[in-house]
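So the chains spell out like this:
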Amino acid sequence: MNRKRIAVTGGLGYIGSHTVVALHEAGYTPVIVDDLRNSNADVLERLGGICGAPLEYYAADCGDVQALAALFDTPLHGAIHFAADKSVGESVSSPEKYFANNLGAMARWVEALRLHRVAHVVFSSSCTVYGEPSSLPVDESAPMQDATSPYGYTKQAGEQLLRYAHAAAQSANHGSSSPAFGVVLLRYFNPIGAHPSAQIGELPLGTPANLVPYLTQAAAGLRSELVVFGNDYPTADGTCVRDYLHVCDLAEAHVAALQHLERKPGDLDVFNLGSGDGHSVLEVIRSFETATGTTVPHRFGPRRAGDVVAVYATADKAAKILNWRTKRSLDQALEDAWRWQKSLK
Ligand code: NAD
Ligand code: WQD
């Protein structure tokens, strides 16, 4: 039995669940920590079905390290930290909730990882740390802008917390033979799509804030129309441009990050994870319609406050150092998102 146990906090959520599958396929043993605050216990069963065996699971807040004592009884090879609240709008109205979970619980979790000498740590950061970049495509050396929401601030501060923890571990480890504390910070651009089995995907809780879940619900007739937020931006067709990547490609990047830390124990590095291509909102709608043969009822509306005009990655660093790049197309991601949407009806 493979003993490379990897703790996956937030492993029943959208990106975490796909990463659990990718870890299993790569021969790791994912161990899930998720208190179901934004997920459903069904996902655990579905993951067991995809992986062919039940998975080790802790129904606990990752900040409640006492409840997680048993998790550390068997050594962990690594940890991937997805657990966070992620709604930009909610973070503006409830900043305390975002500081408490995305930083408070995270800090206790990171402390436990260091205490238990977990050697490889991967963190879910976001392209939101760049704000409106001054040049495109954006690379990892682009300066962080002042955060435009408490959510964005917690991603910047989460990165910083791990940089400080890394420095502390290096100095505590100096001259000792105990395992190094390596950290990879991953800045995701816009993950979309679902597992091709349609067994797991993004759970639609309430009205979706993100483009693709809203679009698929409008196409399915669950929403009367998609409102395109602004068509007077300085882009080719007037709508905002983003870097969309398939969630299964994103999941595989976490495996590549762990493998990187195995090659370079104790490293600290940061990577953009995107396709390298920018697509406008209208291009996404047209791609969806062509790929699925289904019309998306839509109209133009006003700009949404806080939206950046255009942001897309250069993912060259991940290609060079992690040997990772996206393999799936925008069309494929939209087809998989549609299959998932139809499975929910
Ligand atoms: P999600 O809400 O689907 O998944 C997060 C999971 O973590 C949920 O299952 C939730 O129940 C769990 N969780 C939250 N706080 C917890 C805690 N304290 N203890 C235990 N479980 C907890 O979100 P997602 O889209 O999968 O995002 C995962 C990570 O990626 C987050 O850190 C998010 O900020 C980051 N991210 C997401 C996107 C995106 O567009 N989805 C983009 C960039 C970064
Ligand atoms: C994409 C485009 C909208 C909905 C957010 C977070 C970011 C990161 C990823 C976590 C934009 C347009 C959307 C709609 C629309 N998350 N749109 N009609 O804003 O790029 O990024 O998710 O870290 O932090 O801010 O993603 O999917 O909301 O929007 O026209 O009903 O679609 O204006 O141009 P965004 P999104």
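Cut-offs applied
- Residues numbered from 1 in each chain as written.
- Chains lettered and ligands numbered in written order.
- Predicted model: local features only at pLDDT ≥ 70, side-chain atom pairs only at ≥ 80, totals over all residues.
- Heavy atoms only, no water.
- Near = heavy atom within 4 Å.
- Polar contact = N/O pair within 3.5 Å; in protein donor to acceptor, adjacent residues only side chain to side chain.
- Areas by Shrake-Rupley, 256 points an atom, 1.4 Å probe, with all protein chains shown as cover.
- Helix = DSSP H or I, 4+ residues; strand = E, 2+ residues; numbered from the N terminus.
- Pairing = 2+ DSSP bridges.
- Axes fitted to C-alpha atoms, helices over the stretch in contact; angles between N-to-C directions.
- Buried < 20%, exposed > 50% of the residue type's maximum accessible area, 1.4 Å probe, protein only.
- Contact = heavy atoms within 4.5 Å.
- Parallel < 35°, antiparallel > 145°, perpendicular 65-115°, else oblique.
- Left-handed = near helix turned anticlockwise from the far one by under 90°.
- Nonpolar A, V, L, I, M, F, W, Y, C, P; charged D, E, K, R; others polar.
- Core = buried A, V, L, I, M, F, W, Y, C linked by side-chain atoms within 4.5 Å.
- Disulfide = S-S within 2.5 Å.
- Phe/Tyr/Trp six-rings, centres within 6.5 Å; stacked < 30°, edge-to-face > 60°.
- Lys NZ or Arg CZ within 6 Å of the ring centre and 35° of its normal.

Draft legend 1. Representation of the site of ligand 1 in the model. Near ligand 1 you find 26 residues, and of these Asp34, Asn38, Ser39, Asn101 and Tyr151 are the closest. In this structure, an oxygen atom belonging to ligand 1 sits 2.8 Å away from a side-chain N or O atom of Ser39. Between ligand 1 and the protein, one listed contact pairs a nitrogen atom with a side-chain N or O atom of Asp61 at 3.0 Å. When the free accessible area of ligand 1 is taken as 820 Å², the share hidden by the protein chains comes to 95%. Of all the secondary structure elements, the ones that give two or more residues to the shell around ligand 1 are α1 (14-25), β5 (120-126) and α5 (150-173).

Draft legend 2. Summary view of the sheet that holds strand β4 (residues 78-81). Spatially, the seven strands line up as an open sheet ordered β3-β2-β1-β4-β5-β6-β11, and their pairing is parallel. Taken across any chain shown, the strands that pair with only one partner, and hence form the sheet edges, are β3 (56-58) and β11 (268-273). Across the sheet, the mean angle from the axis of one strand to that of its neighbour is 20 degrees, orientation sign disregarded. Both strand β6 (residues 182-188) and β11 contribute to a ladder of six bridges, which runs parallel. Opposite Arg187, over in β11, you have Asn272 as the bridge partner.

Draft legend 3. Just the side chain of Ser125, in detail. With respect to the secondary-structure elements, Ser125 resides in strand β5. Residue Ser125 is classed as buried on the basis of its relative accessible area of 2%. Residues within four places of Ser125 in sequence aside, it is in contact with Lys155, Glu159, Leu186, Arg187 and Tyr188.

Draft legend 4. Region of the structure containing the packing of α1 against helix α2 (residues 42-51). Orientation of α1 relative to α2, taken along the N-to-C sense of each, is 25 degrees, at an axis distance of 10 Å. In terms of their interaxial angle, α1 and α2 are classed as roughly parallel. The way α1 lies across α2 gives a crossing that is right-handed. For the pair α1 and α2, the contacting residues are Ser17, Val20, Val21 and His24 in the first and Val43, Leu47, Ile50 and Cys51 in the second. Tallied by class, residues from the contact of α1 with α2 come to six nonpolar, two polar and no charged.

Draft legend 5. Representation of the nonpolar core within the structure. Among the nonpolar cores identified, the biggest contains 37 residues, and Leu23, Leu47, Leu186, Leu273 and Trp324 are the most heavily contacted of them. Looking at this core, the elements with two or more residues in it are β1 (5-9), α1, α2, β6, α7 (247-263), β11 and α9 (316-322). Ranked by residues supplied to this core, first place goes to α7 with nine residues. When neighbours within four sequence positions are excluded, Leu23 is seen to be in contact with Ile6, Val8, Tyr28, Pro30, Ile80, Val255 and Leu258. Val33, Val118, Leu185 and Val270 belong to the second largest nonpolar core, which has 28 residues in total.

Draft legend 6. Local environment of the state of the cysteines. Scanning the entire structure with this criterion turns up zero disulfides. You can see Cys127 has no disulfide; the closest cysteine sulfur is in Cys240, sitting 12 Å from it.

Draft legend 7. Layout of the site of ligand 2. Near ligand 2 there are 18 residues, and of these Ser126, Tyr151, Val227, Arg242 and Asp307 occur at the shortest range. Contact between ligand 2 and Tyr151: an oxygen atom at 2.6 Å from a side-chain N or O atom of the residue. Residue Ala209 places a main-chain N or O atom 3.4 Å away from an oxygen atom belonging to ligand 2. Bound to the protein, ligand 2 loses 87% of the 680 Å² it would expose on its own. A per-element tally of the shell around ligand 2 places strand β8 (residues 226-229) first, with four residues. Taken together, the residues of the shell around ligand 2 sort by class into eleven nonpolar, four polar and three charged.

Draft legend 8. Fine view of the packing of aromatic side chains. Summed over all chains, the structure comprises four aromatic pairs. A ring pair is formed by Tyr130 and Phe189, whose centres lie 6.4 Å apart and whose planes are at 35 degrees; its orientation type is tilted. With Tyr130 in the loop between β5 and α5 and Phe189 in the loop between β6 and β7 (190-192), the pair connects residues that are 59 residues apart, well separated along the chain. Relative to Trp338, the ring of Phe288 lies with its centre 5.4 Å away and its plane at 85 degrees, an arrangement referred to as edge-to-face. With Phe288 in helix α8 (residues 281-292) and Trp338 in helix α10 (residues 330-343), the pair connects residues that are 50 residues apart, well separated along the chain. Above the plane of the ring of Tyr214 lies Arg223, whose end atom (NZ or CZ) is 5.7 Å from the centre. Taking NZ or CZ as reference, Arg303 lies 4.0 Å from the ring centre of Tyr233, over its face.

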